[in-house]
Structure formats: C-alpha cells, structure tokens
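# Observations on the three-dimensional arrangement
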Amino acid sequence: TESAKKTGALRKGKNYKKRTSKLEPFRSEIAKMYKTGASLELISLHLHTVHNQYAARSTILRYLHTIGVTRNG
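Residues numbered from 1 in each chain as written. Predicted model: local features only at pLDDT ≥ 70, side-chain atom pairs only at ≥ 80, totals over all residues. Heavy atoms only, no water.

## A word on the packing of helix 2 (residues 27-35) against helix 3 (residues 40-51)
For any two helices packed against each other, one specifies the inter-axial angle together with the distance between the axes. Running from N to C, helix 2 and helix 3 cross one another at 145°; their axes reach a closest spacing of 10 Å. Considering how the two elements wind past one another, helix 2 and helix 3 form a crossing that is right-handed. In contact with Glu29, Ile30, Met33 and Tyr34 of helix 2, helix 3 contributes Leu40, Leu42, Ile43, His46, Leu47 and His51. (Axes fitted to C-alpha atoms, helices over the stretch in contact; angles between N-to-C directions. Helix = DSSP H or I, 4+ residues; strand = E, 2+ residues; numbered from the N terminus. Left-handed = near helix turned anticlockwise from the far one by under 90°. Contact = heavy atoms within 4.5 Å.)

## Observations concerning the environment of threonine 70
Assignment of secondary structure puts threonine 70 in the segment after helix 4 (57-67). Between the C-alpha atom of threonine 70 and that of lysine 35, which follows or precedes it by 35 residues, the distance is 6.9 Å. When near neighbours in sequence (up to four residues on either side) are disregarded, threonine 70 contacts Tyr34 and Lys35.

## Structural notes on the pattern of salt bridges
Scanning the model with the defined rule gives two salt bridges in all. Here glutamate 24 and arginine 27 are joined by a salt bridge, their closest N and O atoms 3.2 Å apart. Arginine 27 sits in the partly exposed class, given a relative accessible area of 37%. In this structure, arginine 57 engages glutamate 41 in a salt bridge whose closest nitrogen and oxygen atoms are separated by 3.3 Å. You can see arginine 57 sitting in helix 4 and its partner glutamate 41 sitting in helix 3, a full 16 residues away along the chain. Residue classification places glutamate 41 among the partly exposed positions, given a relative accessible area of 47%. (Salt bridge = Lys/Arg side-chain N within 4 Å of Asp/Glu carboxyl O. Buried < 20%, exposed > 50% of the residue type's maximum accessible area, 1.4 Å probe, protein only.)

In structure tokens, the structure reads:
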C-alpha cells in the first residue's frame, strides 16, 4: 500500500508527465495523409508496413481528434 500511496502522490504532483502516444513520432505524416483523404485503414496499413508500428483505426481516429486534425479544417 505504501508503494501505491507514493505513486498516487506522484500523479497528483506537478512532476507527473502525461503519457505520450505511440503515434506521436508520426504526427505530421498521419495528419497529412488524413487531410489529403487517406482512409484510417490505409493509414494503419502504411504505419505497419513502413514504420513497423501497428495501430488500430480507432486509435488513429482518437489520436487525430486529440491533436485537433479534421478533414475540412
């Protein structure tokens, strides 16, 4: 329980770093593909074949919403 208390205190403190997405290194590439009309399935396939990084379509869509990317804007 002491370990859990320390972890909880760290998370409440200012020194806790928010987890970064595994898609962050490919941020600009994903955003560019999505804005030019590539489907989520195609982006997922590209990440897997070119970068050897698997990501489900829903993960990519959630990530795009998080970084504020839309097709129309």
